[in-house]
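Descriptive analysis of the structure
Now for the letters of each chain:
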Amino acid sequence: MALRKIATIGNPILRQPTRVLTKEELLSPKTQSFIDDLVETMLDANGAGIAANQVYEPVRLCALHVKDNPRYPYKPNIPLTILVNPTIELVSSETFLNYEGCLSVPNLRGEVPRSVKIRVKAWDRTGAEVDFETAGLTAGTYQHEVDHLDGKLFVDRVVDTRSLCTWQDFERYRMVEFTERAKALVARFGS
Ligand code: ZN
């Protein structure tokens, strides 16, 4: 396993939609070893998720994992999840404002409207089909990762640009209020 370099905003790789994987490609030793690298890179950087194109592989695959994350202390845990060729369907038209950050957008956070409830369809790393609904803050994390695979970054979706702030200023001026909203979402949806 090896840590991969993370592309940052401005790099064209982040703007190109990714390529769907065939089952044969997914099960190849090369892709399986890439998935190990992707997970290791995410954990090393304390990311809540990471998409393959963030580490220069333009394929439709991402990883998520939240366990007492120091970058996002209010986020409920998400077990390690690999999504291959994921699609998202919005189950609710209701949105909430998620304060997002990104490993590819260093030291910036901003408020992004996200659907409160979604349905995710994908394969896991063995090629088995997964199909589930998720809601609340966790649904926001999934939407952020699948956006990457479509060549989108969270800054594209920021409606009120006055919400943009550095991580230090988030902690100084926004964290208390957002944590209250985050807690209310977790209380409502359990995630
Ligand atoms: Zn990101």
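Our structure's up above, just so we're on the same page.
We now turn to the structure provided with this report.

1. Concerning the side chain of Gln32
For Gln32, the location among the structural elements is in helix α2 (residues 29-44). Among the polar contacts listed, one links the side chain of Gln32 to the backbone oxygen of Arg125, at a separation of 2.9 Å. Excluding its chain neighbours within four sequence positions, the residues that come into contact with Gln32 are Leu26, Leu27 and Arg125.

2. Re the packing of aromatic side chains
Within this structure, the stated rule accounts for six aromatic pairs. Aromatic pair Tyr74 and Phe178: ring centres 5.0 Å apart, planes at 80°, arrangement edge-to-face. Remark: Phe178 occurs in helix α5 (residues 167-189) and Tyr74 occurs in the loop between β2 (61-66) and β3 (78-90); sequence separation between them is 104 residues. Assigned by exposure class, Tyr74 and Phe178 land together as buried.

3. With respect to the layout of surface pockets
Of the voids in this model, the largest pocket is the one considered here, and its volume is about 250 Å³. Contributing to the lining of the largest pocket are 14 residues, with Leu90, Arg114, Gln143, Asp147 and Arg157 lying nearest its centre. Within the residue set of the lining of the largest pocket, elements represented by two or more residues are β3, β5 (105-115) and α3 (136-149). Looking at the lining of the largest pocket element by element, the count peaks at four residues for β3. Partitioned by chemical class, the residues of the lining of the largest pocket number five nonpolar, four polar and five charged. In this model, the second largest pocket occupies a volume close to 170 Å³. Lining the second largest pocket are Arg4, Arg19, Leu21, Glu25, Ser28, Lys30, Thr31, Phe34, Glu57, Val59 and Leu61. Tallying contributions element by element places α2 first for the lining of the second largest pocket, with three residues. Of the residues assigned to the lining of the second largest pocket, the class counts are four nonpolar, two polar and five charged.

The rules behind each value
Residue positions are counted from 1 within each chain, in the order its sequence is given. Owing to the predicted nature of the model, reporting of local features is limited to residues with pLDDT of at least 70; listing and counting of side-chain atom pairs is limited to 80 or more, with chain, interface and lining totals taken over all residues. Derived side-chain values reflect all non-hydrogen atoms in the structure, with water molecules and hydrogen atoms excluded from consideration. Each helix is a run of H or I in the DSSP string that is no shorter than four residues. Each strand is a run of E no shorter than two, and both are numbered from the N terminus. Polar contact is defined as a pair of N or O atoms within 3.5 Å, subject to the rule that within protein one atom must be able to donate a hydrogen and the other to accept it, and that residues adjacent in sequence are counted only when both atoms are side-chain atoms. Note on contacts: a residue pair qualifies if any of its non-hydrogen atoms lie within 4.5 Å across the two residues. Only Phe, Tyr and Trp rings take part, Trp by its six-membered ring, and two of them pair if their centres are within 6.5 Å. Stacked means planes under 30 degrees apart, edge-to-face means over 60, and tilted covers everything else. Between buried and exposed lies partly exposed: a residue is buried under 20% and exposed over 50% of the maximum accessible area for its type, with that area taken using a 1.4 Å probe on protein chains only. For each structure, a 1 Å grid was placed over the protein atoms alone; sets of points admitting a 1.4 Å probe that cannot get out are labelled cavities, open sets with protein on both sides within 12 Å along at least five of seven lines are labelled pockets, and lining residues have an atom within 4 Å of a point. Grid points are joined across faces, edges and corners, and a volume is the space filled by probe spheres set on the points. Polar here means any residue other than Ala, Val, Leu, Ile, Met, Phe, Trp, Tyr, Cys and Pro, which are nonpolar, and Asp, Glu, Lys and Arg, which are charged; Gly is therefore polar.

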